[in-house]
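Below are the chains, spelled out letter by letter.
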Amino acid sequence: MAVAPVESKASLSSDLFYDILRRLDGSTLASAACACAAFCSISKEEKLWENVCSSMWPSTNREDVKSLILSIGGFRKFYADCFPLIVNKEVTEYQGNDYLEYPEEWTEAEYYGDVDEFESVAPSNFVSIVDIRYKDRTICSKVLWGIPNANEFNGWFYNCPFRIDLLTYEARGDDNEGEVFLSVSDGLPPILSMEKERKDGKLWMELRDGLRLSWIVVNKKMKQAANLASWSPLGGQRHWPTAKDFLIRFGSVLSAKDIFPFQVVECILIMKFRVIHTEGEGVPTTLKLTELSMQLEDMEGAHVNGRNSLLILKEALSCRRSKNYSEVLESCHLYSKAQSELKEEKMKNESRVDRLCIVTGIAAFLTFWYCIL
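Residues numbered from 1 in each chain as written. Predicted model: local features only at pLDDT ≥ 70, side-chain atom pairs only at ≥ 80, totals over all residues. Heavy atoms only, no water.

**Side note on helix 6 (residues 75-82)**
The α-helix advances 3.6 residues per turn, and as a result positions three or four apart in sequence lie on the same side. Here is the rule: Note on exposure labels: buried denotes an accessible area under 20% of the residue type's maximum, exposed denotes more than 50%, and partly exposed covers the range between, all computed with a 1.4 Å probe on protein chains only. Secondary structure elements are defined from DSSP: runs of H or I of at least 4 residues count as helices, runs of E of at least 2 residues count as strands, and each element is numbered from the N terminus. The arc refers to the directions leading from the helix axis to the C-beta atoms.
Here helix 6 has its buried residues at Phe75, Phe78, Tyr79, Asp81 and Cys82. The buried residues of helix 6 occupy an angular sector of 165° when the element is viewed end-on, so they sit on one face.

**Describing the nonpolar core**
Threshold: To define a nonpolar core, start from buried Ala, Val, Leu, Ile, Met, Phe, Trp, Tyr and Cys residues and group those joined through side-chain atoms within 4.5 Å.
Leu207, Leu211, Trp215 and Leu254 are the most contacted members of the largest nonpolar core, which has 57 residues in total. Take this core: its biggest share by element is six residues, from strand 10 (residues 264-277). Grouped together as the second largest cluster of nonpolar side chains are 24 residues, Ala32, Leu48, Phe78 and Ile129 included.

**Considering empty space enclosed by the protein**
We apply this condition: Put simply, the grid is 1 Å and covers the protein atoms alone, a cavity is a trapped set of points that fit a 1.4 Å probe, a pocket is an open set with protein on both sides within 12 Å along at least five of seven lines, and lining residues have an atom within 4 Å of a point. Grid points are joined across faces, edges and corners, and a volume is the space filled by probe spheres set on the points. For this classification, the nonpolar set comprises Ala, Val, Leu, Ile, Met, Phe, Trp, Tyr, Cys and Pro, the charged set comprises Asp, Glu, Lys and Arg, and every other residue, Gly included, is treated as polar.
Here the structure, examined in full by the defined rule, presents one cavity of 30 Å³ or more. Looking at the largest cavity, its volume works out to about 50 Å³. In terms of lining residues, the largest cavity is bounded by Phe126, Ser128, Gly146, Ile147, Phe162, Ile164, Val217, Met294 and Leu313. Across the lining of the largest cavity, the residue classes break down as seven nonpolar, two polar and no charged.

**Here we look at the side chain of Ser293**
Heads up, the rule is: Here a polar contact is recorded for every N or O atom pair within 3.5 Å, except that within protein the pair must consist of a potential hydrogen donor and a potential acceptor, and residues adjacent in sequence are included only if both atoms are side-chain atoms. Residue contacts are defined here by distance: any two heavy atoms, one from each residue, within 4.5 Å place the two residues in contact.
Structurally, Ser293 is set in strand 11 (residues 286-297). Here the side chain of Ser293 touches Glu291 through a polar contact of 2.9 Å, side chain to side chain. Leave out the neighbours within four places in its chain, and Ser293 touches Arg163, Ile164, Asp165, Trp215, Ile268, Leu269 and Ile270.

**Digging into the packing of helix 4 (residues 46-56) against helix 6**
What counts here: Working convention: axes come from line fits to C-alpha atoms, limited for helices to the stretch in contact. Angles between N-to-C directions cover 0 to 180 degrees. If an angle is under 35 degrees, it is roughly parallel; if it is over 145, roughly antiparallel; if it lies from 65 to 115, roughly perpendicular; otherwise it is oblique.
Their axes nearest at 8 Å, the elements helix 4 and helix 6 cross at an angle of 40°. When the axis of helix 4 is compared with that of helix 6, the two are oblique. Within the contact between the two elements, helix 4 uses Glu46, Trp49, Glu50, Val52 and Cys53 and helix 6 uses Phe75, Arg76, Phe78 and Tyr79. A breakdown of the residues in the contact of helix 4 with helix 6 according to their chemical character gives six nonpolar, no polar and three charged.

**Observations concerning the pattern of salt bridges**
Short version of the rule: We define a salt bridge as a contact between a side-chain nitrogen of Lys or Arg and a carboxyl oxygen of Asp or Glu at a distance within 4 Å.
Applying the stated rule across the entire model yields 19 salt bridges. A salt bridge links Asp64 to Arg62; its shortest N-O distance comes to 2.7 Å. Judged by relative accessible area, which is 5%, Arg62 ranks as buried. Here the salt bridges do not stand alone but share partners, grouping Lys47, Glu50, Glu63 and Lys66 into one network.

The structure is reproduced here in structure tokens:
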């Protein structure tokens, strides 16, 4: 029996290892890279990470998105940046008089500092890469280049509430243009009527447990990316604003140091479905995606304007992240708790002011009549 040369054995081993590693998901591939020198060397292949990203985020299959990812450091870096989710626990306690004051009019130099920083927050530098899954099946993939209606450095955009409504704008070269539907064939439970759904909530629970959202924001200028979604829903409302609507909320807590007194804001990602058919109508249960949007709100519930939102998004791309989902949830719950405490404190202050006004009014009334009489 002939003995194969050492070089052939090494080549065979590399091919075999590559075939093994290309079947792994991102987390397992990263762990395997730490197992031995051979795995570590092979795991640096960009093609492996391209396959991982393609499986995780189908929107990265597009040629223009591939070129974008390669221009900001490659698929391995992209996965490392976007798979962990944003964690921010820097929530400060409410201080009644602790408000930052800004001049009404800012010059570009005053607000953005130097020219490079000014250019790095241009709306055209941001790209949104969005994927929706239901029960591990991709139902929607969209890519949005720039921020719609921003018109570069336009005063209207910078002073109005920031909002991106993804379904309103045509994404360039989308693979699945058109409307997005969910039906029984996708795994939805059949419902006979909205009255029955209102009682048992089966459809709502299936949506809440089965939907997953990834909303990756890339800054082409800074060559950074981050996933602003919470992957799983953080909450929602059933039968709102109409009986046939289901609103599901995703998001994250972003740093807003030196912009807002509470140091953080909430990135709110809204997904809304509407029931358009039920089994009682003689057709399979069908839902239509009617809204997919992003907006930022401060702790008082006020919408953040375009100017501040761009600065916050820029900082979000370099903030702390974690692969521990419980840590992500803890961050969101900490923000919700602080927000609730703020609302309670404001209600108490308003109640004190109301009582003071009533007492002052009564005292003024009695003084008036005392002086007359």
